[in-house]
Amino acid sequence: MSRIEAVEDPERGTLDTLTPLPVLPVSSKAVIQDAAGGLAAQSGVNEKPIELALARAKKEASKKPKRRISRWLRFQLWFTTYRKFFTIVVALNGVGLLLAILSIWEYPRRYTGAFILGNLIFALLMRNEVFGRCLYWFFNTCFGKWPPLWFRLACTSVLQHLGGIHSGCATAGFAWLIFRVILIFIDHKDNHDAVLITGVITNIAVAISIASAFPWVRNTHHNIFERHHRFIGWVGLISTWIFVVLGDSYDLDTHSWNPDGGHVIRQQDFWYVFGMTILILIPWFTVREVKVDIEVPSPKVAILRFERGMQQGLISRISRSSIMEYHAFGIVSEGPHAKYHYLICGVQGDFTRSLVNDPPTHLWTRQLKFAGVSHSSTMYKRGIRVCTGTGLGAALSTCLQNPDWYLIWIGSDQEKTFGPTISGLIYRHLWPDRVCLWDSKARGGRPDVVKLIKDAYHSWGAEVVFITSNWQGNKELMEGCKAAGIPAFGTLWDF
């Protein structure tokens, strides 16, 4: 494809056509300064021409048109596949639970444990790294590029929103657990007190684990979420083991304990809990302490370098401790056979701030990486990857490893902020034909990003757009793409 002609208009803060924006060897700020100086000389104005030009650019850039989007489109964006999965799972379980409560369906009353643990094991399966990677491999291998676009978009939507099944099954399992304990209390004369106590403890543990995973807790209080969801979840697993073994060992007819372990093993509850335990343990078997080199190009960002290359679209979890405070970051790598891979860590909280103020030489990580939505990019013939700021970490690998993907990166003084390592990757692999860099500091503000996406989508012949941004930016871009009829997948805030 021929290179697209460059048309710059920093005074307006937008592009009339899609262009790779030159950053090297002359910065955009220098271009604005030179232009401002020339205008001032022609007009005879000598009083701070550069400052006046920059101020005018910022004023014009701030006048971005406010797009109106219908309530129907807003609802479609709100009612994501995540919420559809959640609704379907909870509704189906709710119908079954109602039939059991009304004694219309007797099976759940006799084997309530199967419904409890069946839901919980499926919830864990949806968040298991091995299962996720296998799903992505299956869809990428079997449905790469050849099926109709609507089918591939549906596949990506399913892969991105598996969390809806996770949340739905966990919620449904908790509801069945409450029902089970209520049945035990109704027949408390026939049940042992130990079974009642462990049932209550399991309920409390699961309730705390679910409550700590609410989106506003997870997104604003990460450490609280992690400590409660993980460690209380482990307590819930242990109490579930005790609850199942005691419940299956106590004979309700003779009111005595049955010491026959073979009887317990033959119950389906036992194997459900066994499966849950395996799914929880698998990722922890891959935890390793690895060497890390940290580059701090600016106080805002730390670039972490690890040995060995990675596939595109993967997410790495790192921590200073083997079991505490794991934080997820998108992996930047030139390919599986590269010597290194990188993480771009923006300084936002205590953990990332410590990477800058007290750089470690080693960090703990899971060698088995989680697949993000970008991992499905190989299903598409051509695509656009949009990101803002440190969102580049989740976006760059897709463009580095696939020549059919175009990068749009909006940031502030990117080269200085993110340093030579990241800039070098971009200029070696993407510049000048497959990248659009917008320096909002030099250009006086953010561009009309939706317009950039529209231009890129049509000029590049793209099939899909992937977006990584903050909550407000993601909302605006997803609304703009939806209104323009552009298939897009944005950052998730509801899992």
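In this text the structure is predicted, and so the values were computed from the model without any measurement. Counting restarts for each chain: residues are numbered from 1 in the order of the written sequence. For this predicted model, a pLDDT threshold of at least 70 governs which residues receive local features, and a threshold of 80 or more governs which side-chain atom pairs are given and counted, while totals over whole chains, interfaces and linings are taken from all residues. Hydrogens and waters are ignored; side-chain quantities use all the structure's heavy atoms.

Peer 1: Residues and numbers for the overall build of the chain, please.
Peer 2: To qualify as a helix, a DSSP run of H or I must reach at least 4 residues; to qualify as a strand, a run of E must reach at least 2; elements of each kind are numbered from the N terminus. On a plain count of helices and strands, the chain comes out with 19 helices and 15 strands. Among the 495 residues that make up the chain, the fraction classed as buried is 49%. Only the protein chains shown count as cover for residues, with accessible areas throughout obtained via the Shrake-Rupley method and a probe of 1.4 Å. Total accessible area on the chain is roughly 23900 Å²; 62% of this is exposed by carbon and sulfur atoms. Only protein chains enter the area calculation, which uses a 1.4 Å probe; residues under 20% of their type maximum are buried, those over 50% are exposed, and those in between are partly exposed.

Peer 1: Just give me the short version of the pattern of salt bridges, but keep the residues and values in it.
Peer 2: Basic side-chain nitrogens of Lys or Arg form a salt bridge, by our definition, when they fall within 4 Å of a carboxyl oxygen of Asp or Glu. Per the counting criterion, the structure on display carries 12 salt bridges. Between Glu-463 and Arg-152 there is a salt bridge whose closest N-O contact spans 2.8 Å. Here Glu-463 is found in the loop between α18 (449–460) and β14 (464–468), whereas its partner Arg-152 is found in helix α8 (residues 149–160), with 311 residues between them in sequence. Residue classification places Glu-463 among the buried residues on the basis of a relative accessible area of 12%. Residue Asp-455 pairs with Lys-451 through a salt bridge whose shortest N-O separation is 3.2 Å. You can see Asp-455 and its partner Lys-451 sitting in helix α18, four residues apart, about one turn around the helix. The exposure class assigned to Lys-451 is partly exposed, which follows from its relative accessible area of 24%. Here the residues in one salt-bridge network are Arg-74, Lys-475 and Glu-479, joined through shared partners.

Peer 1: Mind laying out the pairing of strand β11 (residues 383–388), listing which residues take part and the relevant values?
Peer 2: A large share of β11 lies buried, amounting to six of its six residues. Across the two faces of β11 the burial is the same, with Gly-383, Arg-385 and Cys-387 and Ile-384, Val-386 and Thr-388 all buried. Here, the term right-handed applies to a crossover whose path from the first strand over the helix to the second runs clockwise when the strands point away from the viewer. For the handedness criterion, the β-α-β arrangement of β11, helix α16 (residues 392–401) and strand β12 (residues 405–411) is classed as right-handed.

Peer 1: Give me the lowdown on the packing of aromatic side chains, citing residues and values where you can.
Peer 2: Between 30 and 60 degrees the pair is tilted, below 30 it is stacked and above 60 it is edge-to-face, where a pair is any two Phe, Tyr or Trp rings, Trp via its six-membered ring, whose centres lie within 6.5 Å. Tallying each qualifying case throughout the model produces 27 aromatic pairs. Taking the centre distance of 6.1 Å and the plane angle of 20 degrees together, the rings of Trp-78 and Phe-79 count as stacked. Among the residues examined, Trp-78 registers a relative accessible area of 47% and is labelled partly exposed. Assessed through its relative accessible area of 24%, Phe-79 is described here as partly exposed. Here the aromatic cluster, defined as three or more aromatic residues joined through ring pairs, consists of Trp-105, Tyr-107, Tyr-111, Phe-115, Trp-176 and Phe-179. Two conditions define a charge sitting above a ring: the NZ of Lys or the CZ of Arg must be within 6 Å of the ring centre, and it must be within 35 degrees of the ring normal. The ring of Tyr-326 carries Arg-366 above its face, with NZ or CZ at 5.6 Å from the centroid.

Peer 1: Would you mind going over the sheet that holds β14 in detail, with residue names and values included?
Peer 2: Pairing within the open sheet is parallel, and its five strands lie in the order β13-β12-β11-β14-β15. Sheet topology places β13 (435–439) and β15 (488–489) at the edges, where each strand pairs with a single neighbour. By this definition, two strands are paired if DSSP reports at least two bridges between them. Relative to β14, β11 runs parallel, the two being bridged by five bridges. By the bridge assignment, Ile-384 is partnered in β14 with Val-465. Most of the contacts of α18 go to β12, to which it runs at about 165 degrees, and overall it touches β11, β12, β13 and β14. In this description, contact between two residues means that some pair of their heavy atoms is separated by no more than 4.5 Å. Simply put, an axis is a line fit to the C-alpha atoms, just over the touching stretch for a helix, and the angle between two N-to-C directions goes from 0 to 180 degrees.

Peer 1: Go over the packing of helix α7 (residues 129–142) against α8 with me, naming the residues and quoting the values.
Peer 2: Running from N to C, α7 and α8 point in directions that differ by 175 degrees, and their axes come no closer than 11 Å. In terms of axis orientation, α7 runs roughly antiparallel to α8. Between α7, through Leu-135, Tyr-136 and Phe-139, and α8, the contact on the second element is made entirely by Cys-155, Leu-159 and Gln-160. Basically, the charged four are Asp, Glu, Lys and Arg, the nonpolar ten are Ala, Val, Leu, Ile, Met, Phe, Trp, Tyr, Cys and Pro, and anything else, Gly included, counts as polar. In terms of residue class, the contact of α7 with α8 is built from five nonpolar, one polar and no charged. Relative orientations are named as follows: roughly parallel for angles under 35 degrees, roughly antiparallel for angles over 145 degrees, roughly perpendicular for angles from 65 to 115 degrees, and oblique for any other angle.

Peer 1: So, unusual backbone geometry: which residues are in play, and what are the values?
Peer 2: A cis amide bond links Trp-431 with the next residue in sequence, Pro-432, at an omega value of -5 degrees. Locating Pro-432 in the fold gives a position in the loop between α17 (414–429) and β13. We note that Glu-325 has phi near 50 degrees; this positive angle belongs to a residue other than glycine.

Peer 1: Describe the confidence of the model for the chain, with residues and values.
Peer 2: Per-residue confidence from the predictor is reported as pLDDT, a score between 0 and 100. Of the residues in the chain, 86% have a pLDDT of 70 or more, and the chain-wide mean is 84. In this model, residues 1–58 is a region of pLDDT below 50 whose contacts with residues beyond four sequence positions or in other chains number 93 contacts.

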